[in-house]
Amino acid sequence: MEVYRADEPKPLYRVLDEEGSPVGPVPDLAEDRLVGMYRGMVLARTFDERALNLQRQGRIGTYAPFSGQEAAQIGSFAVLEKDDWVFPSYRELAGLIYHGLPMERALLYSMGHPDGAKVPEDSRMFPVQIVIASQLLHAVGAGWACRLKGERSVAVSYFGDGATSEGDFHEALNLASVFSVPVVFFCQNNGWAISVPVSHQMRSATVAQRAVAYGIEGIRVDGNDVLAVYEGMLRAVDRARAGEGPTLVEAVTYRLGPHTTADDPTRYRDEEELKRWREQRDPIVRFRKFLEKRGIWSEEQERTEWERARRMVDEAVVRAESYPKADPSFAFEHVYALMTPDLSNQRDEWRARASRREGMQ
Amino acid sequence: MREMTMIQAIHEAMKMALESDDRVMVLGEDVGKNGGVFRATEGLQAHFGPDRVVDTPLAESAIVGAAVGLAVAGMRPIAEIQFLGFIYEAMDQIAGQAARIRFRSGGQYSAPIVIRAPFGGGVRTPELHSDSLEALFLHTPGLKVVMPSNPRDAKGLLLAAVRDPDPVLYLEPLKLYRAFRGEVPEQWYEVPIGRAQVVIPGQDVTVIAWGPTVPVAVRAARSAQEAWGHSCEVIDLRTIAPMDTETLVASVEKTGRVVVVHEAVRSGGVGAEVAARLAESAFLSLAAPMVRVTGYDTPYPPPAIEDAWLPSVDRVVEAIHRVAAF
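Rules behind the numbers
Residues numbered from 1 in each chain as written. Chains lettered and ligands numbered in written order. Predicted model: local features only at pLDDT ≥ 70, side-chain atom pairs only at ≥ 80, totals over all residues. Heavy atoms only, no water. Helix = DSSP H or I, 4+ residues; strand = E, 2+ residues; numbered from the N terminus. Buried < 20%, exposed > 50% of the residue type's maximum accessible area, 1.4 Å probe, protein only. Contact = heavy atoms within 4.5 Å. Buried area = accessible area lost by both parts, 1.4 Å probe. Salt bridge = Lys/Arg side-chain N within 4 Å of Asp/Glu carboxyl O. Nonpolar A, V, L, I, M, F, W, Y, C, P; charged D, E, K, R; others polar. Expected span 1.5 Å × (residues − 1). Core = buried A, V, L, I, M, F, W, Y, C linked by side-chain atoms within 4.5 Å.

This brings us to unusual backbone geometry. Residue and element names in this part refer to chain B. The step from Ala 241 to Pro 242 runs through a cis peptide bond, and the omega angle for that step is -5°. Take Pro 242: it is sitting in the loop between β12 (239–241) and α9 (245–255). If you check the backbone angles, Asp 30 has positive phi at about 70° while not being a glycine. We classify Asp 30 as partly exposed; its relative accessible area is 36%. Backbone geometry at Arg 124 places phi at a positive 60°, although glycine is not the residue there. Inspection of the secondary structure assignment puts Arg 124 in the loop between β5 (114–119) and α6 (134–138).

Dropping the structure here:
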């Protein structure tokens, strides 16, 4: 009897080793693009560390840090064009900021301001998704619409390893495969779904191999190697644009921080594991070493860059903290295109109370 | 004017919607080649092609979730859930996603989709094929819920739903698909979403119903008139959300007495919402406690006992007499 078993896990696709030395063909990217990607990673890390501090100081609410995942995000977003659809989860701020989301908006979201979910009008980014894996299906729909309308654009959905256990993950891959939709499923496998390790999330050796079951292509890249991510994503996006259908990309990476600021990873995570990833596999250090070896980055530039990033983040914090207060009538205005009679009565009721309160003051 | 059944009216509405706008597409299980298990989409795929009338994999969440993405990116999908009882599978995509995207994005994105689903009892279906679940969706801000009870409304409400800028759940009473014929205009017309209809005017008791119980309410009203001389005003709610409180209040101010009839289970049902609204807005006009005639608080029963479970004409007549004689 012939039985089916999973393939031996494919090795991670890598362009750079931990020391930033090429171990495979280096993508043909202009110097300023390479430097631009590095700067994006530095800005992202600076933002993330600052956001964590702001939360500890009580200046923003719950926040989901992404430190450690900068290469996976910047490397993949670097492939996308402005007209491509992006359906993120809540841990893609590095990529979204690189793609044009103003940092103050990202902060406003954690401050609970309704405008925090707004994206630039000329973009096709979606607001962050809180429910796990729902956005994969939205990406399938949007990619499908692009195909039906004869557009060149593709749709990309971002999600973590935990999302691959959800029904929507499987329904999305299946549907996209059946209709050959131009969509990329980009999984940042960061090892942990809050406290549950990926080994307890699935018994498949890799996320990428799950693509085989749906008749699509799967790619597994080192998510801490920005150039490997770029190459993997480029292949997936090119295939989608060429009408070759969906691709599942697994970027193997690690979340250095907690799941959110409400989480304490010391309860479930081994200190040694964290140390190994933090000290030996930091994606920013690896890429910096590569740029230095190429002779296009210096110590002086490095110092200036981190200072510049700090300044930019400081300015974003000022903009976010001086942003006009939210108007509670926002709540009534965006439920339906036209306010229903019930909602308009409830808004009037709320307004009458608000003006009575003002009158008393 | 020509007469047709409700299923024919629904079919005609979808055909007209597909003809009028290239962005409209129909997707669901068995809607293509098979023309839908109730033939609602009969022949549409042959006419409009497999890209516009799409047989999807068997996956409710995928159907609605993809429809959200399609709509956001400019299409106008009409998604079919084969039976309303299977809609739990798509609950997140409807309540958590489609209904919220306008709010969540501060008005930047919206999901103008129509979700069609047959429901309702009295037709001897297997388990989970007959459940009336409209109350779940009344409780979902951002969604509109439409429930036609006759062929004319079925076409007009569906055309209004297709043009609506927000997601609309369009619930089709199984029992009324072919129960009777009614006049249906040939041209495009829309029955406004959010407005109830006074089916029979009356003076003594207001009977409020929607979907499959409208014909039951009408028969009961006639019978109560004959047997007891009670003049009943029958109102077809037509839309559960948004609800037309104004029409209900106006009627109760006249009659002072209320019977609400629905198939769904009683507790937390739409009838409770109707009663609460009338208690808030027309309390001093009430001359008797309001009475609900509904399904019981059990899962939908097996076919052999469903007739005893469903609100019958007798039960409604009794309720009418009870509030009239209070």
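Taken together, the contacts link 39 residues of chain A with 43 residues of chain B. Taken together, the two surfaces of chain A and chain B that pack against each other cover about 3200 Å², and 63% of this comes from carbon and sulfur. Summed over the shared surface of chain A and chain B, the number is two salt bridges. Arg147(A) serves as the salt-bridge partner of Asp51(B), at 3.5 Å between the closest nitrogen and oxygen. Top contributing element to the side of chain A that touches chain B by residue count: helix α5 (residues 134–148) of chain A, with nine residues. Considered class by class, the residues forming the side of chain A that touches chain B number 23 nonpolar, eight polar and eight charged.

Residue and element names in this part refer to chain B. Look at helix α8 (residues 213–228): 21 Å from first C-alpha to last across 16 residues, which is about the 22 Å you get at 1.5 Å a residue. Taken together, the buried positions of α8 are Thr 213, Val 214, Pro 215, Val 216, Ala 217, Val 218, Ala 220, Ala 221 and Ala 224. Packing partners of the buried residues in α8 comprise β9 (197–200), β10 (205–209), β11 (232–236), β13 (258–265) and α12 (313–324). Among the residues trailing α8, Gly 229 stands out with phi positive, at a value near 80°.

Moving on: the nonpolar core. Counting 152 residues, the largest nonpolar core has Phe47(A), Trp144(A), Phe185(A), Phe287(A) and Val274(B) as its most contacted members. At 11 residues, the largest contribution of residues to this core is made by helix α1 (residues 31–56) of chain A. Contact partners of Phe185(A), with chain neighbours within four places excluded, come to Leu136(A), Val140(A), Ser157(A), Phe159(A), Ala172(A), Leu173(A), Ala176(A), Pro246(A), Thr247(A), Leu248(A) and Val249(A). Core analysis: the next-biggest nonpolar cluster, separate from the first, contains 37 residues, Met6(B), Leu44(B), Val53(B) and Ile193(B) among them.

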